[in-house]
Structure formats: C-alpha cells, structure tokens
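# Breakdown of the fold
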Amino acid sequence: MLLSRLLAMVESAYVHEVAPPSSESLDSQRHSALVRITHWITAVTFIGLLYSGIMILIAHPRLYWGETGALGTPSLIDLPIPFMIGHSGWGRYLHFLSAWICVLTGLLYVLSGYLTKHFSKNLLPAKGDLSWSRIWHIVWREVRWKQPSEEEALTYNLVQRLTYLAVVFVLFPLVILSGLAMSPAIASVVPALRSGFGGQQSARTIHFFVAVALVVFVCVHVAMVCLAGFARRVRAMITGHSADGRELS
C-alpha cells in the first residue's frame, strides 16, 4: 500500500513536470510538492544524524584502519574530543532511525528526478562548460560573496551542478554504504560490503570523513541561501512559490 502511494506521488510529479505549463504556473511555480517534502524530511533527518553521530563519536573519539580497533590498540587518528562514555546507546537508535528515513526519502527523490529528467535537464553540465577557468571564476565570485544576477538566479551554475551531483551520487551513497558496512547483521549477509572498505574500522573512518564533507556542504549551502536571500529562498521551499516568480522551478 505504501509503495503504491509513493509511486503515485512520483507519477504525479512526472506528469506535472512534462505537461505543458500554463503562463500562470510559469510565473509562480518554483518547487514541486515532492521536492519540498523530500527536502525538509532530509533536512530534519540530517540534523538527527548529525546530533546522534556526535553522541556516538564522543563515546569513542578514535579512528582506526582495518577490521578491529579498541582501547589499548594503535589508532589511526585521535580526535581532540574527551571521552564521554554512556552516550552511544540512545544515539545509535536515533542514528539508525534517522538514517533509514533519510535513505527512503533519498530513493524517492532520485526516482522522481530520473522520471522527470531533473538531473539531465537541471544538473548535468554541458561538456563545453567543464573547464578549470570557468569553475575558478564562479568559485572566486562566491568567495567574494557577490550576489548572483537576475539571469544567473534562473539556473544552477557549473559549481552548483557539479556539487549537487557529487552529493547525490557520490557522498550520500558512500556514507550509506560505509554505514551499512559497520553493521554486523548486514556484513554477515553481504561480507563483500565490509571487505570492500577494508574492514569494519576502515568503514567507520571513511564514514566519518564523508559525514564531515556533507556537513561542509550543508554549511556552504546555507551560506549561499543567505547570500541569495534567505527569506525568499526558504519561503519558496515551503510554499513552492518565489516572491517574484522568475527563478528556476
């Protein structure tokens, strides 16, 4: 029953995307309901993952490489965090719950993006744009906190496209797979998953650094939203409509 409802939502989003829009919808529509729902669910679950992940980490703030690692064995990295034993129990429950909700939401988003051709139309850059000079020009502009022009706000720039593609198709799958590789139940069924990361502790170390990369992405994302107009962008992601109705849907 749940699967049929999810497929119906995706089909509805697909029909909305490919159907010829009216002039009124072109003037006002920015984000579809599916994009807005998955965005905010992902945001909430990411906060849960980050908070619970920190609680798990401070219970043992050391990283290892290989299959095993514990107190008394050589560590790869000692994080500058004091030990606080007793925080990982409830933190693990919250982490697993948030992770599965995030995974299901992400799968729905990717399926919708595939059906609506969102990735190929809005995120896949043209080959002619893939140059270091073009990337550096955009990065330098963002570093100087230069607000995008009205024309530039109508689409994603090259750096945004590459970043979003890397997050959706590289970082998120990697953080999910490395998290699954740490699970004894999953590893017993699919041992190649853990061995592919070089062991349970190697998977934990990779999981940590990918999570840090995702946190950096979120911080930059929020900063860029503030630069482009925080109230307007958040309103568009809540209501589905921008203030002037001229930006990319």
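Everything below is about the structure printed above this text.
### Comments concerning the packing of aromatic side chains
The tally for this structure, following the rule as stated, stands at five aromatic pairs. Ring centres of tyrosine 51 and tryptophan 90 lie 5.8 Å apart, and the angle between their planes is 40°; this geometry places the pair in the tilted category. Of this pair, tyrosine 51 sits in helix H3 (residues 33-59) while tryptophan 90 sits in helix H4 (residues 88-115), placing them 39 residues apart in sequence. The exposure class of tryptophan 90 is partly exposed, given its relative accessible area of 42%. Geometrically, the ring pair formed by phenylalanine 119 and phenylalanine 169 is edge-to-face, given 5.1 Å between the ring centres and 75° between the ring planes. Of this pair, phenylalanine 119 sits in helix H5 (residues 118-123) while phenylalanine 169 sits in helix H7 (residues 158-181), and the two are 50 residues apart along the sequence. By relative accessible area, phenylalanine 169 is classed as partly exposed at 41%. Feature note: the residues Tyr109, Phe119 and Phe169 constitute an aromatic cluster, connected by ring pairs.

### Points about H7
Taking 1.5 Å of rise per residue, 24 residues should cover 34 Å, and H7 covers 33 Å from first to last C-alpha, within 8% of that figure. Along H7, the sharpest change in direction is near 40° and occurs at valine 167.

### Some thoughts on a nonpolar patch on the surface
Together, Ile37, Ile41, Leu97 and Ile101 make up an exposed nonpolar region whose accessible area comes to about 320 Å². If you list the elements that add at least two residues to the nonpolar patch, you get H3 and H4. Isoleucine 101 sits in the partly exposed class, given a relative accessible area of 36%.

### A few points about helix H10 (residues 200-239)
Look at H10: only 43 Å from first C-alpha to last across 40 residues, short of the 58 Å you get at 1.5 Å a residue. Taken as a whole, H10 carries its principal kink of about 105° at glycine 229. Remark: glycine 240 follows H10 within two positions and exhibits a positive phi of approximately 90°.

What counts as what
Residue positions are given per chain, counting from 1 as you read along its sequence in written order. Given that the model is predicted, a residue must reach a pLDDT of at least 70 before its local features are reported, and side-chain atom pairs must reach 80 or more before they are shown or counted; all residues, however, enter totals for whole chains, interfaces and linings. Values shown for side chains rest on all heavy atoms present in the structure; no hydrogens or waters enter the calculation. Here a pair means two rings of Phe, Tyr or Trp (six-membered ring of Trp) with centres within 6.5 Å. Their orientation is stacked below 30 degrees between planes, edge-to-face above 60, and tilted elsewhere. Counting from the N terminus, the helices are the DSSP runs of H or I reaching at least four residues and the strands are the DSSP runs of E reaching at least two. Classification of residues uses two cut-offs on accessible area relative to the type maximum, computed with a 1.4 Å probe and protein chains only: under 20% is buried, over 50% is exposed, and between them is partly exposed. A helix is expected to span 1.5 Å for every residue after the first. A residue's bend is the angle separating two fitted axes: one through the seven residues that end there, the other through the seven that start there. Nonpolar side chains (Val, Leu, Ile, Met, Phe, Trp, Tyr) are joined into patches within 5 Å and like charges within 9 Å, using only residues with over 30% relative accessible area and no salt bridge. The accessible surface values rely on the Shrake-Rupley method and a 1.4 Å probe; as for residues, cover is taken only from the protein chains in view. Each salt bridge in this description consists of a side-chain nitrogen of Lys or Arg and a carboxyl oxygen of Asp or Glu lying within 4 Å of one another.

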